[in-house]
Amino acid sequence: MEIDACGVCRSDWHAWRGDWGEQFEPGHVFGHEPAGHVVAVGEEVETVSEGDHVTVPFHLCDGTCQRCRNGHSNLCENGVNLGLEHGSMGAFAEQLSVSNADFNVVRLPDGVSSIDMAGLGCRFMTAFHALNHQADVGGGDWVAVHGCGGVGLSAVHIADALGASVVAVDLDDDKLATAAELGAAETVNAGEEDDVPGAVHAASGGGAHVSLDALGIAETCTNSVMSLRPRGTHVQIGLTPAEQEGGIPIPTDLMVLQETEIVGSFGMPAPRYDEIFRMIEAGSIDPSAVVSGTIGIQDVSDTLDAMSGYGTSGIPVVDHF
Ligand SMILES: [Zn+2]
Ligand SMILES: [Zn+2]
């Protein structure tokens, strides 16, 4: 596929820092939120055609293993995380080769732009899967979102569209203002609040039914678990930086006493994109609402650098290469 647009994600930043145990050499290509057009197809490809307007989930799968056949291709036994592993060249590039295209390539609806759809490769669909499939959020639920970066803001927007009431939590007033624009009923500035879970409990009349850690640091994870009402569901979306060594202590006793459910969420199986597209077509969600602006390929390093200080907002998208 020829890349028209590719989002810059905190996962690129994690990989760029070497947070997950792999150091990448100069010459490696990051980028895993592409949208673009098919320019050539392999001989065995049956359902994808030249000219198709497409995206791909960041977790490319084989489509044939037991997990893929059971509907969990995001956890494919032979999966490859685009641009996030050695040997996988990512989408900060003019063109991208997609393996097992019949399964991995997702055709976009008519009339949408590549820039607006870039987040569908990772952050927007990750938030959608977390809320819809992992936590089963419904109308009348209170949903707390801890961390209002690209995936967090996507979660605010989608949870609001699902009929939930959202409490957005962040340190940055501008990000909280954006969260409010995207549908958050309440906002909590964690920098000004000594007791963040207490503030969420107060805002939601007794605690969230579902709470998301959209960042992956100790504060946001712990606050998320403690923001729940009894029998609530914590969903972990954010992956941790190196300092956490892959784990965060969580309030275990509270989990027992309140029958807390703890759920992980990783990407989204490609066959479920249709659900997102139906909601876009119905006008209830709009991925472009989370896109914060466009940059050139030469600006990616500065953008990653800015993420170290949480200096980016929403989903920045590369649109010229
Ligand atoms: Zn598989
Ligand atoms: Zn990502």
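Here, the structure is the one placed above.
Residues numbered from 1 in each chain as written. Chains lettered and ligands numbered in written order. Predicted model: local features only at pLDDT ≥ 70, side-chain atom pairs only at ≥ 80, totals over all residues. Heavy atoms only, no water.

Novice: Explanation requested: the packing of helix H5 (residues 123-134) against helix H11 (residues 273-281) in the structure shown.
Specialist: Pairs of packed helices are described in terms of their axes, by the angle between the two and the distance that separates them. Two numbers describe how H5 lies on H11: the axes approach to 11 Å, and their chain directions differ by 95°. For the element pair H5 / H11, the angle class is roughly perpendicular. Residue-level inspection shows Phe-124, Met-125, Phe-128 and His-133 of H5 in contact with H11, the latter providing Tyr-273, Glu-275, Ile-276 and Met-279. Tallied by class, residues from the contact of H5 with H11 come to 6 nonpolar, 1 polar and 1 charged. (Axes fitted to C-alpha atoms, helices over the stretch in contact; angles between N-to-C directions. Helix = DSSP H or I, 4+ residues; strand = E, 2+ residues; numbered from the N terminus. Parallel < 35°, antiparallel > 145°, perpendicular 65-115°, else oblique. Contact = heavy atoms within 4.5 Å. Nonpolar A, V, L, I, M, F, W, Y, C, P; charged D, E, K, R; others polar.)

Novice: Mind showing me how you'd approach the coordination of the zinc ion (ligand 1) here?
Specialist: A metal bound by six donors in octahedral fashion has ideal angles of 90 or 180 degrees, whereas one bound by four tetrahedral donors has an ideal angle of 109.5 degrees. Protein-derived ligands of the zinc ion (ligand 1) are Asp-62 (OD), Cys-65 (SG), Cys-68 (SG) and Cys-76 (SG), with the metal-ligand distances lying across 2.1 to 2.3 Å. Viewed at the metal, the 4 donor atoms of the zinc ion (ligand 1) are separated by angles of 93 to 121°, and the geometry they form is tetrahedral. As a motif over one chain, the donors of the zinc ion (ligand 1) read D-x2-C-x2-C-x7-C. Grouping residues by exposure puts Asp-62 and Cys-65 together as buried. (Donors = N, O, S within 2.8 Å, 3.2 Å for Na, K, Ca; no water. Tetrahedral: all angles 85-135°; square planar, octahedral: opposite > 155°, others 65-115°. Buried < 20%, exposed > 50% of the residue type's maximum accessible area, 1.4 Å probe, protein only.)

Novice: Quick question: what am I supposed to make of the coordination of the zinc ion (ligand 2) here?
Specialist: Distances from the zinc ion (ligand 2) to its protein donors, namely Cys-9 (SG), His-32 (NE2) and Cys-122 (SG), fall within the range 2.1 to 2.2 Å. Of note, the donors binding the zinc ion (ligand 2) are all from one chain and are spaced C-x22-H-x89-C. One end of the pair, Cys-9, is in the loop between strand E1 (2-7) and helix H1 (10-17); the other, Cys-122, is in the loop between helix H4 (114-117) and H5, and 113 residues separate them in sequence. Each member of the pair Cys-9 and Cys-122 is classed as buried.

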